[in-house]
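# A structural walkthrough
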Amino acid sequence: MMDMADYFLEKVVDHKYERDGKFFPLKVRKYLVAGKEAVFYETEEGHIIERYEIDKPIEDGVYLACRVPDTNDELTFRQALLPFSKSVEEAQKLLPQSSLGSNYLLADTKGNIGYQQNWFCTTETQQ
């Protein structure tokens, strides 16, 4: 992935994050992923809290959070759903909507393999 993401440590207490000694409520986004409700939390600044158990409420603690510059935050959240895709085809449907510049090698449990490059690729001509 291109160097487009910034990472932060976020202290979370009672579904609130700390900023300069004060606590603010986390934004909540819910999606249906493989028949389960997935819950994503973010700060007002758009830092997406990273965690493994996305189908459970967030617990108090310190979390790694990621902020990706994006013209459409909805696309960033669709990108966050990528690891939960059930097939290469499903993952590839999410990728064209992403503004993250990346190369992806995808595989699923049925033996399907796919490659996809997103965003812009520079080309050079030989002279």
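Residues numbered from 1 in each chain as written. Predicted model: local features only at pLDDT ≥ 70, side-chain atom pairs only at ≥ 80, totals over all residues. Heavy atoms only, no water.

## Comments concerning the overall build of the protein
Test applied: Elements are defined by DSSP. Helices are runs of H or I of four residues or more, strands are runs of E of two residues or more, and each kind is numbered from the N terminus. When a residue's accessible area, from a 1.4 Å probe over protein chains only, is under 20% of the maximum for its type it is buried; when over 50% it is exposed; and in between it is partly exposed. We call two residues in contact whenever any of their non-hydrogen atoms come within 4.5 Å of each other. To measure how exposed things are, a 1.4 Å probe is used in the Shrake-Rupley method; for residues, cover is taken only from the protein chains shown.
Of the regular secondary structure elements, the protein holds 2 helices and 9 strands. When the helices and strands of the protein are read in sequence order from the N terminus, they spell out β-β-β-β-β-β-β-α-α-β-β. Within the protein, buried positions represent 38% of all 127 residues. Long-range pairs, those at least 24 residues apart, make up 38% of the contacts in the protein with a sequence separation of at least 6. Of the roughly 8700 Å² of accessible surface on the protein, 52% is carried by carbon and sulfur atoms.

## With respect to the pattern of salt bridges
Put simply, the rule is: For this document, the term salt bridge refers to a Lys or Arg side-chain nitrogen within 4 Å of an Asp or Glu carboxyl oxygen.
Throughout the structure, instances matching the rule amount to 4 salt bridges. The residue Arg-19 makes a salt bridge to Glu-10 at a minimum N-O spacing of 3.1 Å. By relative accessible area, Arg-19 is classed as partly exposed at 22%. Residue Glu-42 pairs with Arg-29 through a salt bridge whose shortest N-O separation is 2.9 Å. Note that Glu-42 is positioned in strand E5 (residues 36-42) and Arg-29 in strand E4 (residues 27-33), a separation of 13 residues in sequence. Overall, Glu-42 belongs to the buried group, its relative accessible area being 2%.

## Here we look at the environment of Asn-112
Topologically, Asn-112 is positioned in the loop between strand E8 (103-107) and strand E9 (113-117). Counting along the chain gives 25 residues from Asn-112 to Ser-87, while the straight-line C-alpha distance between them is 7.8 Å. For Asn-112, the residues in contact, after removing those within four places along its chain, are Val-88, Leu-106 and Ala-107.

## A short note on the nonpolar core
When a protein is soluble and globular, its nonpolar side chains tend to lie buried together. In plain terms, the rule: We call a set of buried residues a nonpolar core when its members are Ala, Val, Leu, Ile, Met, Phe, Trp, Tyr or Cys and they connect through side-chain atoms within 4.5 Å of each other.
The biggest cluster of nonpolar side chains holds 13 residues, and the ones touching the most others in it are Phe-40, Leu-81, Leu-82 and Leu-106. Only E4, E5, helix H2 (88-94) and E8 provide two or more residues apiece to this core. It is H2 that provides the largest number of residues to this core, a total of 3 residues. Apart from the residues lying within four places of it in its own chain, the contact partners of Leu-81 are Tyr-31, Val-33, Phe-40 and Leu-94. The next biggest cluster of nonpolar side chains, apart from the first, holds 9 residues, and it includes Val-12, Tyr-17, Val-39 and Tyr-41.

## Considering the environment of Arg-19
Considering the arrangement of structural elements, one finds Arg-19 in strand E2 (residues 16-19). Expressed as a C-alpha distance, the spacing of Arg-19 and Thr-43, which sit 24 residues apart in the sequence, is 9.7 Å. Excluding residues that lie within four positions of it along the chain, Arg-19 makes contacts with Glu-10, Phe-24, Thr-43, Glu-45 and His-47.

## Focus on the side chain of Thr-43
The residue Thr-43 is located in the loop between E5 and strand E6 (48-49) in this model. When near neighbours in sequence (up to four residues on either side) are disregarded, Thr-43 contacts Glu-10, Tyr-17, Arg-19, Leu-26 and Lys-27.

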